[in-house]
Structure formats: C-alpha cells, structure tokens
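The lines below spell out each chain.
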Amino acid sequence: MAGTRLTITPPKDFDLARDVCSYGYFVLAPNHWDPASRTFMRVLELAAGPATVRITQGDASSRRRQRGAPLKLAFDRTLDRPEQAEAKRLLARMLRLDETDADLRAFHAIDPRWKKSGRGRLFRSPTLFEDVIKTVTSCNVAWPSTVKMNERLCAVCGRKAESGLYAFPSAKKLSRTRAGTLRGRCSVGYRDQRMIDLARMFVRGDIDEAWLTDAKTPDDEVFEFLKTLPGIGPYAAGNIMQLLGRYSRLAIDTETFRHAKTVLGYAGTDAQLTKKIKAHYEPFGDQVFRSYWFELWDFYESKQGPSHTWERERTAKAFTAAQFKD
DNA sequence: GGTAGACCTGGACGC
DNA sequence: GCGTCCAGGTCTACC
C-alpha cells in the first residue's frame, strides 16, 4: 500500500495478535485478521472517504511475541493531518488502547487466572454505532448468519475503498437505506426496520455516547437506557455494556447456558442456571463480563487452538452453540 | 411481573 | 429437490 504510514505506541503489554483475537467481532466484516502474517486489515470511514488500513506490530517477520512494540499502520491512500488524527482515534477505540497497563493489573488482581496470558482487552469496533449494529446481527441467529449479515451490510451499503474492500456502513447511510434492501440483499430479516431506526437515532443524536461512556453515569442507568433501544433486550444491552467498557453485567444467551452445563457442570432450568451463573461470577464484582468471557474464550481455544490462528472461513462455520453442545 | 407466540433465516433431517 | 422442524433474542399482547 502506497499511502500514509503512521506509528502508534500502545500500552506496554499490548499484544496485537492476542488483543485483536479476543472477541468474535474480529472475524466479522469489514475486519480481517490474517493468521499467517499476524496482520489486521479493515476499511475505516474517514472524513474524505474510506481508507484501508493494515496493522502490524513490531517486526512482522518475527514469530516472537512483541508486547508493547509499536503498531505500524499502512494506509492505501494519503491522509491529511485531521484524517490521521481521526484514524488514530478510531483505531484506539477498536483496540482498547485506553485500557492502560494499570487497568489490566486491576482486573488481574480481581481475577488472577488471566494474569499469565495477559488477557483483558476485548476487541470492539471503531465506532459505537458499528458495535450496536453488530450486536443486533448477533441476536436470535446462529453465528454463520451473523457473519453473512455483516459481509452483506458492508458489500451492499458500505463505501468502497481504493483497495477494493468495503467499509462498514455509516449511520447516515444506513438511516437512508430501505428496509427491503436490508432484508432482501443483506439477509437481516425482521431486523431491517430496527437497524434503520437505530441508525436514525444515532444521526439525530438521540444516543449520547458521551453520557454512555461518562464514568459518572451509573451502570444501571446505561443498562436501562440501552434496553429502550429498538432490537436491544437484556442480552444485547449487556453486550453493549461491555463494548462501552462497562464489565459489571453478563450478556446471558444460549451460549452462556451451554457453558454453564458443559464447562461449569451446572444443571437445571434456565431460571435455575441463571441464578447459579450469577452466583459463580459474583466474586468478580464489576469485572464479571471479562471473567465470564475469557472462560468462554479459553474453552473455544481448547477446542480450536489459539484464536490468532483461526482462519476466517473455518471460524465462520465453527462457532455456534450447537457445535459445542457435547 | 410473567409468559406464549410471532418474527426471519439457514441448517438438519426425512422423504 | 422439496417440505418440515428447529434454534436463536426481542417484542407485543395478554393474563
């Protein structure tokens, strides 16, 4: 790529392979992780149009872990100064560079199981809007359909970069898209109007990201607000909470019940399991989601190998609750 | 406050 | 190849 090249100095323990491959969204379009080269690539929607960024850490030819080494960004076009700042801001959100080494030490003090691996950061999207829409695509559907919806949303509604790759659609674009297009061409089904309504709320400013991320805003108020959004119920709200950096709640879905039965050895009705699950994670206080998630992720890695080696095509098919029932 | 049924897609299964 | 059933979380109507 012959465009702008930038460098970001991450926190000392940041590990690109570990910290990108830490949450399922890293395999959803427009994200692309290449296990062989340990390179992350996606299109960012910037002020002057879409730009593809390729991210490596340290010496790409080395197989050694290079925690804390500079992140090298290579773009497919030239970015002016404001765009460079915008790109860095979006990538910092995506990679959770705001989670400092001290933040992670605090998490590991509560749950020391992840101290050795250093796990703590959870990959997310460059924008809250993309995180919310991705969460809606993960509701009431098997994982392969979530993968497909995100691919189609980008291909049908996203802008094309010089690289030929597509961006995730902006809120503005999605707010003007017809429900029939989303349903017919993006396979989002009944989620069509809910996605458009969400996009319109973002465009109008009805969703106040500053308030949602303000440390002074109580978790309970954020959770209750999220549940008022179209297509967002208790599971989705819990998931968006963690995407906002609020780890005090679980996002309970069928996968949680599968985990409770097969890994934790619990039995009973869903209501009984929910009580046992909450009791199990209670000791982790305001970090329950991370403790839950890395237990789950550990299980996936025990079945599929280290997450940074997962091929996109295989991952698209492998990760469904049904695959792990036994 | 709790719950049954509808919503939509895609995969599994039986014929 | 076709039809049927089922899984998946949210929403609405109803009790």
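Residues numbered from 1 in each chain as written. Chains lettered and ligands numbered in written order. Predicted model: local features only at pLDDT ≥ 70, side-chain atom pairs only at ≥ 80, totals over all residues. Heavy atoms only, no water.

1. Things to note about the pairing of strand β1 (residues 5-8)
At step 1: Side chains L6 and I8 project from β1 onto a buried face, and the interleaved R5 and T7 project onto a face without burial.
At step 2: Strand direction decides the pairing type here: β1 and strand β5 (residues 71-75), joined by 4 bridges, are antiparallel. Residue pairing across strands places R5 opposite A74, the latter belonging to β5. (Buried < 20%, exposed > 50% of the residue type's maximum accessible area, 1.4 Å probe, protein only. Helix = DSSP H or I, 4+ residues; strand = E, 2+ residues; numbered from the N terminus. Pairing = 2+ DSSP bridges.)

2. Thoughts on the sheet that holds strand β4 (residues 49-57)
At step 1: Read across the sheet, 5 strands follow the order β1-β5-β4-β3-β2 without closing on themselves; strand pairing throughout is antiparallel. The open sheet has two free edges, formed respectively by β1 and β2 (32-34), since each of these has just one partner strand. Across the sheet, the mean angle separating the axes of adjacent strands is 25° when strand polarity is ignored.
At step 2: Together, β1, β3 (39-46), β4 and β5 form the strand contacts of helix α2 (residues 81-95), whose direction differs from that of β3 by roughly 125°. (Axes fitted to C-alpha atoms, helices over the stretch in contact; angles between N-to-C directions. Contact = heavy atoms within 4.5 Å.)

3. Considering the pattern of salt bridges
At step 1: A complete count under the given rule lists 22 salt bridges for this structure.
At step 2: Ionic pairing is found between R113 and D111, a salt bridge with its closest N-O pair at 2.8 Å.
At step 3: For R113, a relative accessible area of 40% gives the class partly exposed.
At step 4: Note that R246 is salt-bridged to D219, the shortest N-O span being 2.6 Å. Of this pair, R246 sits in the loop between α11 (234-243) and α12 (254-262) while D219 sits in helix α10 (residues 219-227), placing them 27 residues apart in sequence.
At step 5: Take R246: its relative accessible area is 8%, and that puts it in the buried class.
At step 6: What makes D219 partly exposed here is its relative accessible area of 24%.
At step 7: One network of salt bridges, in which partners are shared, links D13, R18, D19 and R121. (Salt bridge = Lys/Arg side-chain N within 4 Å of Asp/Glu carboxyl O.)

4. So, the protein's contact with DNA strand C
At step 1: Taken together, 16 residues form the shell around DNA strand C, and within it N140, G231, A236, D253 and T254 come nearest.
At step 2: For the surface near DNA strand C, the element with the highest residue contribution is α11, accounting for 3 residues.
At step 3: Taken together, the residues that form the surface near DNA strand C break down as 10 nonpolar, 4 polar and 2 charged. (Near = heavy atom within 4 Å. Nonpolar A, V, L, I, M, F, W, Y, C, P; charged D, E, K, R; others polar.)

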